[in-house]
Amino acid sequence: MMEQGILTIMSGPSGVGKGTVAKALLEKTKDLVYSISATTRLPREGEVNGSSYYFLPADEFRKKIDRQEFLEWAQIYGNFYGTLRLPVECALSGGKDVLLEIDVQGGIQVKQKFPQAVLIFLLPPSQDELESRLTKRASEPKADIKKRLSWAEEEFEYLKLYDYAVVNDRVDEVVLKVQSIIVAEKCRTWRLK
Ligand code: 5GP
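Because the structure is a prediction, the values reported are computed rather than measured.

So, about the environment of tryptophan 151. Assignment of secondary structure puts tryptophan 151 in helix 6 (residues 142–155). Tryptophan 151 gets classed as buried once you look at its relative accessible area, which sits at 16%. In sequence terms tryptophan 151 and proline 57 are 94 residues apart; their C-alpha atoms lie 24 Å from each other. Those residues within four positions of tryptophan 151 in sequence are excluded, and the remaining contacts are Ile76, Tyr77, Asp103, Val104 and Gln105.

Close to the ligand lie 17 residues, the nearest being Ser37, Arg41, Tyr53, Tyr81 and Asp103. At 2.7 Å, a side-chain N or O of glutamate 72 approaches a nitrogen atom of the ligand. Tyrosine 81 places a polar side-chain atom, nitrogen or oxygen, 2.5 Å from an oxygen atom of the ligand. Here the ligand has 510 Å² of accessible area as a free molecule, and 95% of this is covered by the chains. Among the elements of the structure, strand 5 (70–76) and strand 6 (79–84) are those that each provide at least two residues to the shell around the ligand.

Calculation notes
Residues numbered from 1 in each chain as written. Predicted model: local features only at pLDDT ≥ 70, side-chain atom pairs only at ≥ 80, totals over all residues. Heavy atoms only, no water. Helix = DSSP H or I, 4+ residues; strand = E, 2+ residues; numbered from the N terminus. Buried < 20%, exposed > 50% of the residue type's maximum accessible area, 1.4 Å probe, protein only. Contact = heavy atoms within 4.5 Å. Near = heavy atom within 4 Å. Polar contact = N/O pair within 3.5 Å; in protein donor to acceptor, adjacent residues only side chain to side chain. Areas by Shrake-Rupley, 256 points an atom, 1.4 Å probe, with all protein chains shown as cover.

Laid out in structure tokens, this is it:
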């Protein structure tokens, strides 16, 4: 019988570098599948539909909620974001490891449905560093940056519900740590068939 893949969820405040870490992790980890989320937010410059996200109009997103096509979904900064259930379930049952890069509300929803999922919280080296990374990114207007920083405070409350905390100081080190977590998780006695 084929073993189920490991479902890894990476969360953390906006600006912590989840996107950069996820990209490096996927480049360096054979057979790790990235789950492309759906969102109602508008694409940023350089973002491609079907690659960065599936960009959907709000009514289409709602239809998918009603049809229970999402494994989880959440409203963040006034937009909807959600993980499509089918591709994740197919990859896992095909023995592939799957990476979700989603917010804490979504992370907790997934853990409730898949207790065997691994929750990793990515931390900034400091609050000042987080502010500076968000400001430098300059992909959002100033008011949005404020919104993201105040939501970051609330996100930290979820840290205790996560399995692992990794400080994003150097991307290559974070990649190594996350890879090690996945390898260790594969060796858990309760995962043995
Ligand atoms: P951004 O707009 O900067 O791409 O993402 C905003 C937030 O939405 C980030 O914290 C990101 O992790 C989160 N996010 C992206 N996709 C999903 C998803 O499918 N579900 C949930 N719950 N959050 C998501």
